[in-house]
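In case you want the letters, here they are:
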Amino acid sequence: MKPIRIFSHVACEPPGYIGELLDRLGYTYQHVCLIDDKPVPMQLDDISALVFMGGPGDVNHPSSWMKQEFTLIKSANDQNVPMLGICLGAQLISKALGGKVWPADSVEVGWHDVSLLTSAKSYPYFENMPDKFTVFQWHAHIFSSPDNATPVATSVCSPCQAYVLGPHLALQFHLEMSASTIAELTEKYVEDLVGDSDCVQNREQIMQNIDDNCARNFELADRLLIPWFESIESKEA
């Protein structure tokens, strides 16, 4: 199988558990860090899929690399190249393909419940997912699914937590973050951890039982993402 190209948007932040998962599956991947106005590689015939990770930013006020990613996403969609978007990555895919992205009433940060919609069971990679599960969240914007996409998950804080569009999967939540990455974020972005909303948890709440919570997140990643990545291999066979 051709390599999977992963785009990171925060100072070369590693792909976290997704990288470990791909290594375990024996799938090669290329990690592209979009910092310092580095150009976005636009070629698609040398890869099997694209993964767009999270990070700070507003897709409604796009940076130069976001604009390039919009073009890449449209091309990948036209050529039926599978894409996985996580948090900001999901917002990029939504915006590029005609969905809407807007500021949430409150930051959603911490460990929050997500519920699958009945539509999720139409897709094989959701078959082993529980109907309700707790995941890590950190985002200030929410999105709608693009035209012809199927919303597959929701929550109290974000009406659209995930959608499927053809071979593409977009997730608002994080399954890939390690305990050390979350700890670092809670120290760096303290201003996000204050508020009266039930969607906002403080650092103490986030770090409580962090290792167990991350382990459960990684188990969910195995249930959801292994079948998704395997579907790419089947598509190429």
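This text goes with the structure placed above it.
Reading guide: rules and limits
Residues numbered from 1 in each chain as written. Predicted model: local features only at pLDDT ≥ 70, side-chain atom pairs only at ≥ 80, totals over all residues. Heavy atoms only, no water. Helix = DSSP H or I, 4+ residues; strand = E, 2+ residues; numbered from the N terminus. Contact = heavy atoms within 4.5 Å. Areas by Shrake-Rupley, 256 points an atom, 1.4 Å probe, with all protein chains shown as cover. Lys, Arg positive; Asp, Glu negative; His and termini not counted. Charge placed at Lys NZ, Arg CZ, Asp CG, Glu CD. Pairing = 2+ DSSP bridges. Axes fitted to C-alpha atoms, helices over the stretch in contact; angles between N-to-C directions.

Asks: If you had to explain the overall build of the protein to someone new, which residues and values would you point to?
Replies: Helices and strands together make up the secondary structure of the protein, namely six helices and nine strands. The C-alpha extent of the protein, read off along each of the three principal axes, is 45 × 40 × 35 Å. Excluding contacts between residues fewer than 6 apart, the proportion of contacts in the protein whose partners are at least 24 apart in sequence is 73%. For the protein, the accessible surface area stands at approximately 10500 Å², while carbon and sulfur atoms represent 48% of it. When the 15 positive and 31 negative side-chain charges of the protein are each reduced to one mean point, those points stand 5 Å apart.

Asks: Help me get a handle on the sheet that holds strand S5 (residues 101–116), residues and values and all.
Replies: The mixed open sheet is built from nine strands, whose spatial order is S2-S1-S3-S4-S9-S8-S7-S5-S6. Each of the sheet's edge strands pairs with one partner strand only, and the pair in question is strand S2 (29–33) and strand S6 (132–143). When the angles between neighbouring strand axes are averaged without regard to direction, this sheet yields 20°. Relative to S6, S5 runs antiparallel, the two sharing 11 bridges. When the sheet's bridge partners are listed, Val101 is paired in S6 with Phe143.

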